[in-house]
Amino acid sequence: MSILFFLKKIGAIEQGKIGENLALQRSTVSRNIRLLEKKNYVKSTNNYRPEIELSQKGNELVSMLLPIWENIMDELIEKIGTSGMEHISELEKKIN
């Protein structure tokens with residue numbers, strides 16, 4: 001999901017840059033991109049350095065899922081409150 005949402009926000013991008021931006025290992029990105037290509041959610045450009053981008057099917061999926069994801073995140077934030085979000089941010093900083 002994070003790769004699809006990222007591509008929706010960024011557009012076409014080199015595969016290696018996906019991992020850099022999402023803090024994912026190269027092998028993880030490659031594996032996930034292959035799976036997403038098989039399902040026709042993403043496609044590669046024919047450039048010298050191919051870029052990955054959402055297909056029409058991928059755009060439709062993300063457009064359908066985004067409001068659901070935003071509602072879930074709003075509910076989570078409401079349940080854990082501002083201090084809970086601050087703790088999550090601190091944990092995220094320690095991990096990265």
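Everything numeric in this text was worked out from a predicted model, so none of it was measured. Here the residue numbering is sequential within each chain, running from 1 through the sequence in written order. This being a predicted model, a pLDDT of at least 70 is required before a residue's local features are given, and a value of 80 or more before pairs of side-chain atoms are given or counted; all residues contribute to the totals for chains, interfaces and linings. With hydrogens and water excluded, all non-hydrogen atoms of the structure serve as input to the side-chain values.

Enquirer: Honestly, the sheet that holds strand β2 (residues 42-44) in this entry has me stumped. Any pointers?
Expert: Paired through their backbone hydrogen bonds, the strands of a sheet run either parallel or antiparallel. Should DSSP find at least two bridges between two strands, the strands are regarded as paired. The helix and strand labels rest on DSSP assignments: H or I over at least four residues marks a helix, E over at least two residues marks a strand, and numbering proceeds from the N terminus. Taking strand neighbours across the sheet as the criterion, the three strands line up as β1-β3-β2 in an open arrangement whose pairing is antiparallel. If you trace the sheet from one side to the other, it starts and ends with β1 (13-14) and β2, each paired once. Where β2 and strand β3 (residues 51-54) come together, three bridges link them in antiparallel fashion. Bridge pairing in β3 links K43 to E53.

Enquirer: What am I meant to see in the environment of I80 here?
Expert: Locating I80 in the fold gives a position in helix α4 (residues 56-95). Sequence separation between I80 and Q56 is 24 residues, and the spatial gap between their C-alpha atoms is 36 Å. Contacts are assigned to residue pairs that have any heavy atoms within 4.5 Å of one another. Setting aside its immediate chain neighbours within four residues, I80 contacts M85 and I88.

Enquirer: Explanation requested: the pattern of salt bridges in the structure shown.
Expert: Where charged atoms from two side chains of opposite charge come close, those side chains can pair. Definition used for salt bridges: Asp or Glu carboxyl oxygen within 4 Å of a side-chain nitrogen of Lys or Arg. Tallying each qualifying case throughout the model produces two salt bridges. For E14, the salt bridge identified is with R49, shortest N-O distance 3.8 Å. Of this pair, E14 sits in strand β1 while R49 sits in the loop between β2 and β3, placing them 35 residues apart in sequence. Judged by its relative accessible area of 26%, E14 falls in the partly exposed class. Ionic pairing is found between E90 and K93, a salt bridge with its closest N-O pair at 3.7 Å. Taken together, the residues span about one helical turn, with E90 and K93 both in helix α4 at a distance of three residues. For E90, a relative accessible area of 42% gives the class partly exposed. Here the term buried applies to any residue with accessible area under 20% of the maximum for its type, exposed to any over 50%, and partly exposed to those in between, with areas from a 1.4 Å probe on protein chains only.

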